[in-house]
Amino acid sequence: MSTNWNRKDLLGLRELSPEEINFILETADAFKQVGTREIKKVPALRGKTMVNFFVEPSTRTRTSFELAAHRLSADVINISVTTSSLTKGETLKDTARNLEALHADILVLRHSSAGAPQFLAQRLKSSVINAGDGAHEHPTQGLLDVYTIRERRGKIDKLHIVIVGDILFSRVARSNIFALTKLGARVTLVGPSTLVPREFEKLGVTVSYKIDDVLPTADVVNLLRIQHERQRKEYFPGIGEYTTLFGLTKERAKLLKPDCLVMHPGPINRGVEIDSEVADGLQSVILDQVTNGLAVRMAVLYLCGGIAT
Amino acid sequence: MKDTEQNPGVPIMDAEAIRRALRRIAHEIIEQNADLRSVVLAGIPLRGVEIARRLAEFIREVAKIDIETGTIDVAMHRDDVGTRAELPVVHASKLPLPLEHRTVIIVDDVLFTGRTARAAMDAISSFGRPARVQLAALVDRGHRELPIRADYVGKNLPTATREQIQVRLQNVDNEPDAVWLFKE
């Protein structure tokens, strides 16, 4: 049996073929089953060491990778560095040397600078997995979103996916756009014009500024988190205005088809981009996304870290 | 089927021989397991799953009992990850639960080093603790590297390590049922 995989790194979804994406999803199916066993652990990566290197704060992605590594029997080291203590360029190179000295087999990197994972991947023998780099990509989030849609709808092809929010600064949106368009979905981006520039249409998606026009035909609505902590005033209306114009309120949710899925990468701002009733409603698959994230990350760690170097 | 002019395969079993061997194994399983209802046939992907399905069919014909079948993935339980250039493809396992008080029969097409069977036993134990685990193989070609033996064997076939055995099954390979020997 041969695999459709020969990459040591996962840096983004843009460079993956539809076959590679589907292969990760099929591998994740197998690993999702492990979570239902009495002993939720397999020896697939026994003896390997994974370093979680997070230069930006993150709890859910980091713990998801950590649990995924534990379930594959890999050893885990967590290194968190505050953004302030690390500048770009030279220090990252030093970081790489240090990680190599630890004999890490797999490096999971979250960094505020786009391209940092690629920089390290070119310099390290270890596998490098991008856990979010600046506004560039967050490939495992894109994969878990696609996995969740495929699990619920049985396919991606021809589905209408609406992504709402701060697209311009969102690595989640980019990874989603790449994966979804490769698998044949129709993608519409919605948000304030300052945060959803028309240039995105070059990626093969549609841009809209009127959420009420697109919701009735949506098969999936993916609401991005409004990141107040990094919003610049000139780009962003105000929180109240955002909710009025783009929030998935209880009233607005009535526009959705009954089988439309509601997604959110978390952590959710209840009452801002989504109302509590919708987030906890029957159409919400937000917690499925968390469960599936674990399976997808196990698949990625297995495929990148299990390959002989 | 791997077949070149320089290296034609030697036919070892044809469809009829495979059918007879599996029917005999089905009879042996019935004979060895007084409580057939407690038996689970756990096939190793891909061909072991098909062989388990056929064994269950023979058992149904003979004993009029529907015995349960399942799939047991071994790829994520192998001991050679990171040492091979090509990663084994992982499949989802599926076993009827709980396994306590049951007899799980691991079903594979070829028994060789025993490492796959070991990985299967490891995988099964992550689902629970069956009363017994047994092993069935269509072909036992020898060269064990672990203290493992099969309880049910379709055909014992002494081979050289460098030779290759290939099992082909209609439903899996879209080729007529056959076992081939290739001399390297």
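Residues numbered from 1 in each chain as written. Chains lettered and ligands numbered in written order. Predicted model: local features only at pLDDT ≥ 70, side-chain atom pairs only at ≥ 80, totals over all residues. Heavy atoms only, no water.

**Here we look at the packing of aromatic side chains**
Inclusion rule: Pairing of aromatic rings covers Phe, Tyr and Trp, the last counted by its six-membered ring, and requires centre-to-centre distances within 6.5 Å; plane angles under 30 degrees mean stacked, over 60 mean edge-to-face, and any other angle means tilted. Strands here mean DSSP runs of E at least two residues long; helices mean DSSP runs of H or I at least four residues long; both are numbered from the N terminus. Burial classification: accessible surface area is computed with a 1.4 Å probe over protein chains only, and a residue below 20% of its type maximum counts as buried, one above 50% as exposed, and the rest as partly exposed. Placement of a positive charge over a ring is assigned whenever Lys NZ or Arg CZ falls within 6 Å of the ring centre and within 35 degrees of the normal to the ring plane.
Following the criterion strictly, the structure yields two aromatic pairs over all chains and no others. Ring plane angle 40° and centroid distance 5.6 Å describe the contact between Y242(A) and F246(A), whose orientation is recorded as tilted. One end of the pair is Y242(A) and the other is F246(A), both in helix 8 (residues 239-246) and four residues apart, which spans about a single turn. No difference in accessibility class separates Y242(A) from F246(A), as the two residues are buried. Between R123(A) and the ring centre of F119(A), over which it is positioned, the NZ or CZ distance is 3.8 Å. One Lys or Arg, R141(B), reaches over the ring of F112(B) and ends 3.9 Å from the middle of that ring.

**A look at the interface of chain A and chain B**
The cut-off we apply is this: We call two residues in contact whenever any of their non-hydrogen atoms come within 4.5 Å of each other. Buried surface area refers to the total accessible area, computed with a probe of radius 1.4 Å, that the two partners give up upon joining, counted for both partners together. Whenever a carboxyl oxygen of Asp or Glu lies within 4 Å of a side-chain nitrogen of Lys or Arg, that contact is scored as a salt bridge. Here a polar contact is taken to be a pair of N or O atoms separated by no more than 3.5 Å, where protein atoms must pair a possible hydrogen donor with a possible acceptor and residues adjacent in sequence count only if both atoms sit in side chains.
Taken residue by residue, the interface counts 23 residues in chain A and 24 residues in chain B. For the pair chain A and chain B, the summed buried area comes to about 2000 Å², and 62% of that belongs to carbon and sulfur atoms. The tally of links from chain A across to chain B stands at zero salt bridges. Here chain A and chain B share seven residue pairs in polar contact (both at pLDDT 80 or more) between them. Counting only elements with at least two residues in the side of chain A that touches chain B, the list comes to helix 1 (18-34) and helix 11 (286-305) of chain A. Among the elements that make up the side of chain A that touches chain B, the one with the highest residue count is helix 1 of chain A (seven residues).

**With respect to the packing of helix 5 (residues 139-153) of chain A against helix 6 (residues 171-182) of chain A**
All names here are of chain A. Operational definition: Note on geometry: axes are lines fitted to C-alpha atoms, helical ones only across the stretch in contact, with angles between N-to-C directions running from 0 to 180 degrees. Roughly parallel here means an angle under 35 degrees, roughly antiparallel means over 145, roughly perpendicular means 65 to 115, and every remaining angle is called oblique. In this scheme the crossing of two helices becomes right-handed for a clockwise turn of the near helix relative to the far one and left-handed for an anticlockwise turn of less than a right angle. The nonpolar class holds Ala, Val, Leu, Ile, Met, Phe, Trp, Tyr, Cys and Pro. Asp, Glu, Lys and Arg form the charged class, and all remaining residues, Gly among them, are polar.
Running from N to C, helix 5 and helix 6 cross one another at 50°; their axes reach a closest spacing of 8 Å. On the basis of their axis angle, the class for helix 5 and helix 6 is oblique. The two elements helix 5 and helix 6 cross, and the hand of that crossing is right-handed. Here P139, Q141, G142, D145, V146 and I149 of helix 5 come into contact with helix 6, specifically with V172, S175, N176, A179 and L180. In the contact of helix 5 with helix 6, the residues fall into six nonpolar, four polar and one charged.

**Regarding the pattern of salt bridges**
One pass over the full model with this rule turns up 32 salt bridges over all chains. Salt-bridge contacts for E201(A) lead to R198(A); the nearest nitrogen and oxygen are separated by 3.3 Å. On the basis of relative accessible area, E201(A) is assigned to the partly exposed category, the value being 33%. One connected set of salt bridges, linked through shared partners, spans R47(B), D109(B), R168(B), D173(B) and E175(B).

**Let's talk about the sheet that holds strand 8 (residues 220-223) of chain A**
Residues and elements named next belong to chain A. Here is the rule: A pair of strands is labelled paired if DSSP reports no fewer than 2 bridges between them.
The sheet built from five strands is open, its strands ordered 7-6-5-8-9 with parallel pairing. Looking along the sheet, the strands with just one partner apiece sit at the ends: strand 7 (206-208) and strand 9 (261-263). On average, adjacent strands in this sheet sit at an angle of 20° to one another, irrespective of strand direction. Bridge analysis of strand 8 against strand 9 gives three bridges, and the strand direction is parallel.

**Re the sheet that holds strand 3 (residues 68-71) of chain B**
Residue and element names in this part refer to chain B. Spatial strand order, 3-2-4-5-6: five strands in an open sheet with parallel pairing. The strands lining the two open edges of the sheet, one partner per strand, are strand 3 and strand 6 (152-156). Pairwise comparison of adjacent strand axes, ignoring direction, gives a mean angle of 25° for this sheet. Relative to strand 4 (residues 103-111), strand 2 (residues 39-43) is paired through five bridges, and the arrangement is parallel. In the sheet register, L41 faces strand 4, and the bridge partner there is I105. On top of the sheet, helix 2 (residues 47-63) reaches strand 2, strand 3, strand 4 and strand 5 (132-140); it is set at about 125° to strand 4, its chief contact. Sitting on the sheet, helix 3 (residues 115-125) touches strand 4 and strand 5, and the angle it makes with strand 4 is about 155°.

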